[in-house]
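Chain by chain, the residues:
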Amino acid sequence: MTKDVRKSKIETPKERQNRHKAMEAALVLDKIKHDFKEPPKAMDYFYDLYENVHCKQQALHDNKVKVGTMCIQVPSEIIYALDAVPVRLCNGFFTDDDIGSDLLPAKSCPLVKATVGQFSSNNFSDKPDVVISPTTCDQKTKSGAIIEDMGYSVFDMEFPRTKESEESREYWRRSVRKFTKELSTDLNKKLTKKKLKEAIKKVGYAQHLYHKLNILRKNHHIPILGTDMFLVTNAFFFDKIDSWIEAMTALLEETEQRVKDEINAAGKRSPRIVYTGSPPIFPNLKIPLLIEQSDAVIVADETCSSNRMFNDMVSVDEWFMYDMVDSVADRYLKGCTCPIFTKNEDRKRRIIDLVKEYKADGVVYQAFAGCQVYEMEQRSVLEAMEKEGIPILYIETDYSPSHLGQLTTRIEAFVESLKNRRRKKL
Ligand code: SF4
Ligand code: SF4
């Protein structure tokens, strides 16, 4: 063997990271596909999508300007209207979390560490051309500055930390107007009324499809598992919106048929769970998987990587440019139930409503170790659930694959207690 051939076999750090990420993704996909009863056939589109993007690192948006968004609060309607594509940068890979650990304090949120880690190692399938960083939680805010120091183009988008006041609403509206103007200048694209209206309608239609599918989960026979739903909603982070809409339409049709045929994706007596807290982001679907492997089923969620993305639609009175931009801004502030706000009554109300509407037996609240706001808010959420007589399990976790045994024991015990509670009620 010549020296040159031996050299070519040495893996670069980037290749090694990509290989680790592909393994992480493949492992989770394999569990989702094979550990449960037959999923809807239309889920194949989503399984293939994750395999292509996360296992084979295929780019989806080669011919488009990609706008990386650090949080759900960046209005995607404006980005689409400027002929660009939003790519959400919230990251669920342990490989990237590990890389980010060298750059951030040990007790940081794993989601933030993974995002920073991905920038530092530059292992993107669709690398963002520009990054928008809303000043939501402290760790997101600081990580935007760290990413900028790495040489990326980052725009800060100021976000209020109170929600109810007229001042915060006006503050956020100004912020969205400024973002629209700056992005339009940066991309050298003029925002037109027609394009913005089209983008609002398209995102609204995607939300409408999600709502229709979600409502089917209220049925006694649950047609689709929560882990599959997380895949579907997480795919909205990075997929082409038209492809997502098409795949969602097929999934909806099939799921409606499954309801008519009384096909149940869960067990006969599986307790129904509402999931809340720090966002499950592929491939970190550890807790949702453990819940459903323990014979419970997630029927609804209150998280920013899923339900919260589709919650409130833009409501426009007059289709004039400024009214549309302000209406887009309102949708994002009103719909946000992230614990970054001073008070967060909306979140508790929403969890209770979900429990009632989806006839859930209990709630699982996940907080990422290092996420102070979710950790701090848990007490008041637990009290609110107790008042309503809703059992809740609080879990603090990170992206590491260790402690699975301990987590499984706690989740299984909770699921068992929900089953007992149901038996006593009969
Ligand atoms: S948890 Fe809050 S700050 Fe973090 S991405 Fe979600 S909405 Fe944004
Ligand atoms: S989980 Fe907590 S620290 Fe992490 S992004 Fe969300 S709010 Fe910020």
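Residues numbered from 1 in each chain as written. Chains lettered and ligands numbered in written order. Predicted model: local features only at pLDDT ≥ 70, side-chain atom pairs only at ≥ 80, totals over all residues.

## Observations regarding the overall build of the chain
Right, on to step 1. The helix and strand tally for the chain stands at 17 helices and 8 strands.
Right, on to step 2. On C-alpha atoms alone, the chain measures out to a radius of gyration of 21 Å, which is about the 22 Å that the 2.2 N^0.38 rule sets for 426 residues.
Right, on to step 3. Summarising its shape, the C-alpha atoms of the chain cover approximately 70 × 65 × 45 Å along the three principal directions.
Right, on to step 4. Within the chain, buried positions represent 47% of all 426 residues. (Helix = DSSP H or I, 4+ residues; strand = E, 2+ residues; numbered from the N terminus. Rg over C-alpha atoms; globule rule 2.2 N^0.38 Å. Buried ≥ 20, exposed ≤ 12 C-beta atoms within 10 Å, placed from the backbone.)

## Quick notes on the site of ligand 1
Right, on to step 1. Around ligand 1, the structure places C71, I72, C90, T136, C137, K140, P279, C304, C338 and I340.
Right, on to step 2. Within the shell around ligand 1, the residues separate by chemical class into 8 nonpolar, 1 polar and 1 charged. (Near = placed C-beta within 6 Å. Nonpolar A, V, L, I, M, F, W, Y, C, P; charged D, E, K, R; others polar.)

## As for the packing of helix α9 (residues 193-215) against helix α11 (residues 241-260)
Angle between the axes and distance between the axes: these two values describe a pair of packed helices.
Right, on to step 1. Closest axis-to-axis distance for the α9/α11 pair is 10 Å, and the angle between their directions is 25°. Taken together, the axes of α9 and α11 lie roughly parallel to each other. Between α9 and α11 lies a crossing whose hand is left-handed. Here α9 contributes K202, Y205, A206, L209, K212 and L213 to the contact with α11, which in turn contributes I241, W244, I245, M248, T249, L251, L252 and T255.
Right, on to step 2. For the contact of α9 with α11, the residue count by class is 10 nonpolar, 2 polar and 2 charged. (Axes fitted to C-alpha atoms, helices over the stretch in contact; angles between N-to-C directions. Parallel < 35°, antiparallel > 145°, perpendicular 65-115°, else oblique. Left-handed = near helix turned anticlockwise from the far one by under 90°. Contact = placed C-beta atoms within 7 Å.)

## Things to note about the sheet that holds strand β4 (residues 154-157)
Right, on to step 1. What the 4 strands build is an open sheet, ordered β2-β1-β3-β4; its pairing is parallel. Across the chains shown, the open sheet's two edge strands, defined by having one partner strand only, are β2 (84-88) and β4. Going across the sheet, the axis of each strand differs from the next one's by a mean of 25°, ignoring polarity.
Right, on to step 2. Each of β3 (130-134) and β4 touches helix α7 (residues 138-149); the most contacted strand, β4, lies at about 160° to it.
Right, on to step 3. Together, β1 (65-69), β2, β3 and β4 form the strand contacts of helix α8 (residues 166-187), whose direction differs from that of β4 by roughly 165°. (Pairing = 2+ DSSP bridges.)

## Let's talk about the site of ligand 2
Right, on to step 1. Around ligand 2, the surrounding shell consists of C109, L111, V112, C137, Q139, K140, S278, C338, F368, C371, V373 and Y374.
Right, on to step 2. Contributing elements (two or more residues each) for the shell around ligand 2: α6 (110-121), α7 and α16 (372-388).
Right, on to step 3. Taken together, the residues that form the shell around ligand 2 break down as 9 nonpolar, 2 polar and 1 charged.

Any functional reading would require information that these geometric values do not contain.
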